[in-house]
Amino acid sequence: MAEDAWTMPKGELMRGKKGLVMGVANSNSIAWGIASQLAAQGAEMAFTYLGESLERRVRPLAESIGVKTLIPADVTDDASMDAAFAEIEKTFGTIDFVVHSVAFADKNELKGSFVENTTREGFLLAMNISAFSFVDVARRAAKLMPNGGSMITMTYLGSERVIPNYNTMGVAKAALEAATRYIARDLGPKGIRVNAISAGAMRTLSLAGISGGRSMISSGRALSAMKEDTSMEGVAGCALWLASDLGFSTTGEVIHVDAGFHMMGMSADEAEG
Ligand code: NAD
């Protein structure tokens, strides 16, 4: 998505709310689409990003929407997570929302036969970065949410259905979705809502790592009820609903934003009559 490819409705839905957005790598990142929408509604944010090499891309984006706190954080590294959350606490004191938009699996895990190509090392790495990290982030962030709040993570239909080549990442997303429900149960009494957005395939850096990633977009569009690509507007709009007080009472959900791809059992084009 180009930085100015869509016009975000401006408003006050997030005025007075502070939060953390994890996973902006460039202007195509889903985290960037969500952060832009939250900023347009008055949210104050910190970004974490992976490694100094990404800072060159992330800093100008952050500055363009008034985000001043940029913290390098690797979710596999406890020391870096400790430092990041200490910095967030120092900057904001308390927070109201977290957007966790982080995932990774080695390219070799994302092609061909799942049963033949999945290695112990690759499986555990994908689970660590793409599923366990949300548990870790939720535990840390909850300590900064004495007044309740909203946590959002990103998932994909490959958790529920077999999507060719998605393989290990599909299993990690299934764990992430189950973790979302368990975290929601634990943090519910504290007024913290925890949800996952299951987005349709979108053209990002992560998708480029999946063998045949582009066909995930074209097949998704062809099979979808709306015969459309998933839009960043739709995903960011869902995140705005969940992060704002409009989302009161919704927790432990996996919400599909995929133009109706997830519910189809057969392509209409293939049906007779
Ligand atoms: P992206 O590549 O822009 O974002 C992935 C982010 O994860 C990057 O910012 C990357 O730096 C970060 N990351 C990877 N390893 C990390 C680590 N060890 N520590 C900290 N950060 C790390 O791609 P995206 O498509 O915007 O992905 C964001 C989320 O959306 C992911 O969870 C992805 O699985 C999910 N998702 C993507 C699609 C899609 O089609 N693009 C669809 C549904 C869900």
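Everything below is about the structure printed above this text.
Numbering of residues starts from 1 in every chain and runs along the sequence as written. In keeping with the predicted nature of the model, local features appear solely for residues at pLDDT of at least 70, side-chain atom pairs appear and are counted solely at 80 or more, and the whole-chain, interface and lining totals rest on all residues. Side-chain figures throughout are based on the complete set of non-hydrogen atoms in the structure, without hydrogens or water.

Regarding the site of the ligand
Note the following rule: For this description, a residue counts as near a given molecule or strand if any of its non-hydrogen atoms is within 4 Å of it. Whenever a nitrogen or oxygen atom comes within 3.5 Å of another N or O atom, the pair is scored as a polar contact, on the condition that within protein one atom can donate a hydrogen and the other can accept it, and that pairs from neighbouring residues in sequence are kept only if both atoms are in side chains. In these tables, accessible area is a Shrake-Rupley quantity obtained with a 1.4 Å probe, and a residue counts as shielded only by the protein chains included in the view. Note on conventions: DSSP H or I runs of at least 4 residues are helices, E runs of at least 2 residues are strands, and numbering of each starts at the N terminus. Gly is placed with the polar residues, together with every amino acid not listed as nonpolar (Ala, Val, Leu, Ile, Met, Phe, Trp, Tyr, Cys and Pro) or charged (Asp, Glu, Lys and Arg).
Lining the immediate environment of the ligand, one finds 27 residues, of which Ser29, Ile30, Lys173, Met202 and Thr204 sit closest. Here Asp74 contributes a side-chain N or O atom positioned 2.9 Å from a nitrogen atom of the ligand. Between the ligand and Ser206 there is a distance of 2.9 Å, counted from an oxygen atom to a side-chain nitrogen or oxygen. Within the complex, the protein chains bury 93% of what would otherwise be the 820 Å² of accessible surface of the ligand. Of all the secondary structure elements, the ones that give two or more residues to the shell around the ligand are strand E5 (149-155) and helix H7 (205-208). Per-element accounting of the shell around the ligand gives the leading share, three residues, to H7. Across the shell around the ligand, the residue classes tally to 18 nonpolar, seven polar and two charged.

A short note on the pattern of salt bridges
Selection criterion: Take a side-chain nitrogen of Lys or Arg and a carboxyl oxygen of Asp or Glu: if they are within 4 Å of each other, that pair is a salt bridge. Partly exposed describes any residue whose relative accessible area lies between the buried limit of under 20% and the exposed limit of over 50%, with all areas from a 1.4 Å probe on protein chains only and scaled to the type maximum.
All chains considered together, the criterion is met by nine salt bridges. The residue Glu12 makes a salt bridge to Arg15 at a minimum N-O spacing of 2.7 Å. Judged by relative accessible area, Glu12 falls into the exposed class, the value being 52%. One salt bridge in this structure joins Asp82 and Arg140, with 2.8 Å as the shortest N-O distance.

Some details on helix H2 (residues 55-64)
Side chains three or four residues apart in an α-helix point the same way, a direct result of the helix having 3.6 residues per turn. Rules: This arc corresponds to the set of directions leading from the helix axis out to the C-beta atoms. Should any heavy atoms of two residues lie within 4.5 Å, those residues are counted as being in contact.
Along H2, the residues classified as buried are Val58, Leu61 and Ala62. Buried residues of H2, seen end-on, are gathered within an arc of 100° and therefore sit on one face of the element. Opposite its buried face, H2 presents the exposed residues Arg56, Glu63 and Ser64, each directed more than 90 degrees away. Next to the buried residues of H2 lie helix H1 (30-40), strand E2 (44-49) and strand E3 (69-72).

Focus: the packing of aromatic side chains
Note the cut-off: To pair, rings of Phe, Tyr and Trp, with the six-membered ring standing in for Trp, must have centres within 6.5 Å; the planes then decide the type, stacked if under 30 degrees apart, edge-to-face if over 60, and tilted in the middle.
Counting across every chain of the model gives one aromatic pair. Each ring, one from Tyr156 and one from Tyr166, has its centre 4.9 Å from the other, and the planes form 65°; the classification is edge-to-face. Here Tyr156, found in the loop between E5 and helix H6 (167-187), pairs with Tyr166, found in the loop between E5 and H6; they are ten residues apart in sequence, far enough to count as distant. For Tyr156, a relative accessible area of 6% gives the class buried. A residue is classified by how much of its surface remains accessible, and Tyr166, at 6% relative accessible area, is buried.

Some remarks on the sheet that holds strand E6 (residues 192-199)
Heads up, the rule is: Any two strands with at least two DSSP-identified bridges between them are counted as paired. Axis lines are fitted to C-alpha atoms, over the contacting stretch for helices. Their N-to-C directions set the angle, which ranges from 0 to 180 degrees.
Strand order across the open sheet formed by seven strands is E3-E2-E1-E4-E5-E6-E7, with parallel pairing between neighbours. Two strands close off the open sheet at either side, each with one partner strand: E3 and strand E7 (254-257). Pairs of neighbouring strands in the sheet enclose a mean axial angle of 20°, with direction left out of account. The strands touched by H1 are strand E1 (18-22), E2, strand E4 (97-100) and E5; relative to E2, the strand with the most contacts, the crossing angle is about 165°. Strand contacts of helix H5 (residues 120-142): E1, E4, E5 and E6, with the helix running at about 170° to E4, the strand carrying the most contacts.

Looking at the packing of H5 against H6
Basically, it comes down to this: Note on terminology: angles under 35 degrees are roughly parallel, angles over 145 are roughly antiparallel, angles of 65 to 115 are roughly perpendicular, and the others are oblique. Helix crossings are classified by the rotation of the near helix relative to the far one: an anticlockwise turn of less than a right angle makes the crossing left-handed, while a clockwise turn makes it right-handed.
Between H5 and H6, whose axes approach to 9 Å, the crossing angle comes to 20°. One way to sum up the angle between H5 and H6 is to call them roughly parallel. The hand of the H5/H6 crossing is right-handed. Along its contact with H5, which presents Gly122, Phe123, Ala126, Met127, Ser130, Ala131, Phe134, Val135, Ala138 and Ala142, the element H6 presents Thr168, Met169, Val171, Ala172, Ala175, Leu176, Ala179, Thr180, Ile183 and Leu187. Of the residues that constitute the contact of H5 with H6, the class distribution is 16 nonpolar, four polar and no charged.

Points about the environment of Ala73
Structurally, the position occupied by Ala73 is in the loop between E3 and helix H3 (78-92). Sequence spacing of Ala73 and Val58 is 15 residues, and the spatial spacing of their C-alpha atoms is 13 Å. Setting aside residues no more than four positions away along its own chain, Ala73 makes contact with Thr48, Tyr49, Leu50, Ser80, Met81 and Ala84.

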